Amino acid sequence: MSREILIQVQKGEQLVAITENGKLEDFHIEADRYQSLLGSIYKGKVESILPSINAAFINIGQERNGFLYLTDVVEQSVLDEMAQPKTLLHKIFRRPKKGQHRAAQGHPRKEDLPLKIGQEILVQVVKDPFGEKGARLTSHASLPGRFVVYMPFDQQTGVSKKIENVEERQRLREVIKDFDFAKHGGFIIRTASLKQGQAELLRDAKFLADLWTKIFKKFNEEKAPALIYEEGELTWKIIRDYLTDKVDRVIIDSQDEYLKARKFVDTLIGRQMVHKIQYYKGDVPLFDSKNISRELKKIYDTHVYLKSGAYIVIEPTEGLAVVDVNSGKFKPKASPEDAAFMVNMDAVPEIARQLRLRDLGGIIVIDFIDMSQGDHKRKVLEALQEALTQDPAKTEVNRISPLGLVEMTRARTGKTIESISFGKCPYCDGRGKVKIA
């Protein structure tokens, strides 16, 4: 199987396409008009506290204040252990009252609040601003590396659930024991660490621990609101999260990005992978040469046609997306029940693929063609769950309802591809959309 990462740089945009055997499987976009805050760490100031919704609004220097759940505030006891002798962080958090913790429910009393107005606090963006909503924040910062995630405020240590092999999980747990250079916090071993050597994992963890030391120092020096750490540009994220032994090559049409990528790989992975970074010098645009441009246009269409003649309709809204499966021109010589099952099974992989490509999130309702046999329903559901295992976003699927509907959720942390690429039509007051030039 041939797997390629294509990076095309054009005016105001950077586009990344991930293909398998020439077929588009994943897509990312970074535009100058929209800069993601995801993963960035700020020194913010508490502007207001609303006990009725158990939340605080934090000024991080952006257009809208960020939103922080009070149950997602680092407890003072954790900071006491981390900061010795006393540092500025001791002035930022008050010790929660006995019985209060991150998962506490209900409305806390004023005297139990872990924050007060005017306090300065370290927060990290876990969800980009969307619509009229500000960024979603947490004070439990985490730093993702290539193979591990470092959580300086959490003592949790573990291995990704996607690594199922018992012996491999045990081996990785033994490797974690050597992460004694980090005096505080915990590590989670990522799926990409599968079969990686101890030296690679240690190097990645040490890099993150040193990075946190720099972030912590800058936090104590800056005045709120201030940006303390920026997650990094798209090329860095793609190389960190997607460049593995399974990738044959990374092709880039910008010489500047090509040189950056080689430097990233040499620093983050090692010199043995640098040869996979290739510079594209063709006269035809990179995506056109790989037949990707035509595929990209389809991810904005409401109708997606399958080879069988069936099609699916995708209608996204701000918090809900609806997917409707239709038989279309599919006319098999089978009973209505078997025909419905065949269409649904044909649609499943394309539905999972479109959710990834469009980065749809929130609640997703899939209207499959009605089936009466329980075995058919079970197989369609299992096929959907299997197809979603390729999705890096967290998903949860419920059973098929009597009406043939499947309710599922998909975690989305940024804007959808459509919302980045399209704006409201000025002539119909938002009832239609126009492509942003």
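Up top is the structure these notes are about.
Residues numbered from 1 in each chain as written. Predicted model: local features only at pLDDT ≥ 70, side-chain atom pairs only at ≥ 80, totals over all residues. Heavy atoms only, no water.

> Talk me through the sheet that holds strand β17 (residues 311-316); I want residue IDs and the actual numbers.
Sheet architecture is open: 6 strands sit in the order β16-β17-β18-β19-β21-β20, paired in mixed fashion. The outermost strands of the open sheet, each flanked by one partner alone, are β16 (303-305) and β20 (395-400). Looking at each pair of strands side by side, their axes are set apart by 20 degrees on average, direction ignored. Bridge analysis of strand β19 (residues 362-367) against strand β21 (residues 405-410) gives 6 bridges, and the strand direction is antiparallel. For I366, the partnering residue across the bridge sits in β21 and is V406. Sheet strands in contact with helix α9 (residues 374-387) are β19, β20 and β21, and its direction is about 175 degrees off that of β20. (Pairing = 2+ DSSP bridges. Helix = DSSP H or I, 4+ residues; strand = E, 2+ residues; numbered from the N terminus. Axes fitted to C-alpha atoms, helices over the stretch in contact; angles between N-to-C directions. Contact = heavy atoms within 4.5 Å.)

> Got a sec to walk through the pattern of salt bridges? Specific residues and values, please.
In this structure the tally under the stated criterion is 23 salt bridges. Here E20 ties to R3 by a salt bridge, and the two come within 2.3 Å at their closest N and O atoms. Residue E20 is found in strand β2 (residues 13-20), and its partner R3 is found in strand β1 (residues 3-10); the two are separated by 17 residues along the sequence. Like R3, E20 is buried. The shortest N-O distance in the salt bridge between R378 and D375 comes to 2.3 Å. Here D375 and R378 lie together in helix α9, a separation of 3 residues that amounts to about one turn. Owing to a relative accessible area of 40%, R378 belongs among the partly exposed residues under this scheme. One network of salt bridges, with partners in common, ties together R190, E231, R240 and D241. (Salt bridge = Lys/Arg side-chain N within 4 Å of Asp/Glu carboxyl O. Buried < 20%, exposed > 50% of the residue type's maximum accessible area, 1.4 Å probe, protein only.)

> Lay out the nonpolar core in plain terms, naming residues and giving numbers.
I312, V325, I351, I366, F368 and V406 are the most contacted members of the largest nonpolar core, which totals 32 residues. Every element with two or more residues in this core is listed here: β17, β18 (320-326), α8 (336-358), β19, α9, β20 and β21. With 8 residues, α8 is the largest single contributor of residues to this core. Among residues more than four places away in sequence, those in contact with V406 are I364, V365, I366, F368, L381, L384, V397, N398, R399 and I400. (Core = buried A, V, L, I, M, F, W, Y, C linked by side-chain atoms within 4.5 Å.)

By themselves these figures say nothing about function.
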